[in-house]
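# Commentary on secondary and tertiary structure
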Amino acid sequence: MRIGIVGTGAMAEALGAHWARAGHELLIGGRSAARADGLARRLGGRPGTPAEAALFGDAALLAVPYDAVAPVLDEAGAAEGALRDHVLIDCTNAVGPGFVLTTGTGPGAARRIAAATGARVVKAFNHCPDHVWSLTPPAFPAGPRGAGGPLAEPLVVPLCGDDDAALAVVHTLVRDIGCVPLTVGPLLRADQLEATTAFLISLWKTGQDPRRMLPPLAAVTP
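The structure reproduced in this document is the subject of the present report. Remember, predicted model here, so these are calculated numbers, not experimental data. The residue numbering used here restarts from 1 in each chain and proceeds along that chain's sequence as written. For a predicted model such as this one, the threshold for reporting local features is a pLDDT of at least 70, and the threshold for listing and counting side-chain atom pairs is 80 or more; totals across whole chains, interfaces and linings nevertheless cover every residue. For side-chain calculations, the full set of non-hydrogen atoms in the structure is used, while hydrogens and water are omitted.

## Some words on the sheet that holds strand E1 (residues 2–6)
- The criterion for strand pairing is that DSSP finds at least two bridges linking the strands in question. Comment: elements are numbered from the N terminus, with helices defined as DSSP H or I runs of at least four residues and strands as E runs of at least two. With mixed pairing, the 8 strands of this open sheet are ordered in space as E3-E2-E1-E4-E5-E8-E11-E12. Both outer strands of the open sheet, strand E3 (46–48) and strand E12 (180–185), are each paired with one neighbouring strand and no more. Neighbour-to-neighbour, the strand axes of the sheet open up by a mean angle of 25°, direction not taken into account.
- Across 4 bridges, E1 lies against strand E4 (residues 59–62) in parallel orientation. In this description, a line fitted to the C-alpha atoms serves as the axis of each element, helices being fitted only across the stretch in contact, and the angle between N-to-C directions of two axes falls anywhere from 0 to 180 degrees.

## Points about the nonpolar core
- Residues enter a nonpolar core if they are buried and are Ala, Val, Leu, Ile, Met, Phe, Trp, Tyr or Cys, with the set joined through side-chain atoms within 4.5 Å. A 1.4 Å probe rolled over the protein chains alone gives each residue an accessible area, and that area as a share of the maximum for its type sets the label: buried under 20%, exposed over 50%, partly exposed in between. Among the nonpolar cores identified, the biggest contains 36 residues, and Trp-19, Phe-125 and Trp-133 are the most heavily contacted of them.
- By definition in these notes, contact holds between two residues if any of their heavy atoms fall within 4.5 Å. Excluding residues within four positions of it along the chain, Phe-125 makes contact with Met-11, Leu-15, Trp-19, Ile-89, Cys-91, Trp-133, Val-157, Val-170, Val-174 and Ile-177.
- Counting 28 residues, the second-largest nonpolar core is a separate cluster that includes Ala-78, Leu-83, Val-121 and Leu-193.

## Concerning the side chain of Lys-123
- One can find Lys-123 in strand E8 (residues 120–123).
- The class for Lys-123 is buried, based on a relative accessible area of 0%.
- A distance of 2.7 Å separates a polar atom in the side chain of Lys-123 from a polar atom in the side chain of Asp-90.
- Counting of polar contacts relies on pairs of N or O atoms within 3.5 Å, with two restrictions inside protein: one atom must be capable of donating a hydrogen and the other of accepting it, and residues adjacent in sequence are counted only when both atoms are side-chain atoms. A distance of 3.0 Å separates a polar atom in the side chain of Lys-123 from a polar atom in the side chain of Glu-194.
- In this structure, Lys-123 is in contact with Asp-90, Thr-92, Ala-109, Ala-110, Pro-158, Leu-159, Cys-160, Leu-187, Ala-190, Leu-193 and Glu-194, ignoring residues within four places of it in sequence.

## Some words on the packing of aromatic side chains
- Classification of ring pairs rests on two measures: the distance between centres of Phe, Tyr or Trp rings, Trp counted by its six-membered ring, which must be within 6.5 Å, and the angle between planes, read as stacked under 30 degrees, edge-to-face over 60 and tilted in between. The full count for this structure, using the stated rule, is 2 aromatic pairs.
- Here the aromatic rings of Trp-19 and Phe-125 are separated by 5.9 Å at their centres, their planes lie at 65°, and the arrangement is edge-to-face. Here Trp-19 is found in helix H1 (residues 10–21), whereas its partner Phe-125 is found in the loop between E8 and helix H6 (130–133), with 106 residues between them in sequence. No difference in accessibility class separates Trp-19 from Phe-125, as the two residues are buried.
- With centroids separated by 5.4 Å and ring planes inclined at 85°, the aromatic side chains of Phe-125 and Trp-133 adopt a geometry described as edge-to-face.
- Under the relative-accessibility criterion, Trp-133 is labelled buried at 0%.
- Each member of the aromatic cluster is reached from another via a ring pair, and the members are Trp-19, Phe-125 and Trp-133.

## Considerations on unusual backbone geometry
- The step from Thr-136 to Pro-137 runs through a cis peptide bond, and the omega angle for that step is -5°.
- The topology assignment puts Pro-137 in the loop between H6 and strand E9 (139–141).
- Backbone geometry places Asp-85, a non-glycine residue, at a positive phi of 70°.
- If you trace the backbone, Asp-85 turns up in the loop between helix H4 (66–75) and strand E5 (87–90).

Printed below as a string of structure tokens:
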């Protein structure tokens, strides 16, 4: 596939490295031409602008802070319909001070991006920090405390989206990083995923392990 990556930070590099190893063609878009060129060289892709990356290929990853998404979309011609029907992967988290969503009680980040662009938006890769995605592969021992057995299990990646073809594209990209894709609902449910991630961040930042709260599936099913 041909994948545009909007951003030159740690998330862009972590996911882009996996996709480059899987043989995908990458275009790295950054506001700093030097940073875009550097990351493109490391990943074996080619550099460009954020707008060029947003419009590139089969899908584009929005790997910039949420507050930087709107300017990128404007530059890419979202208002003129340039991104309509394009596959956009939203891994952003609109989390502000106090671990509160900056989108408030309205539509979440993914739904706002979809409304602004008419793109086929898939929410994915937002529920873990960049250093998790940089693992090869992102896999951990099973169990509530991460010590349920000797074998590491691939991380499950929740996806939200309204378009089956777009979800299929992202399913492939999830498998290419060694993880397991799990469609958890339409884009409406991305609001819940974003809120859950904000909650998880608040626990991780205070040294708490969220997995201690969850019993095994067998314990909660009849």
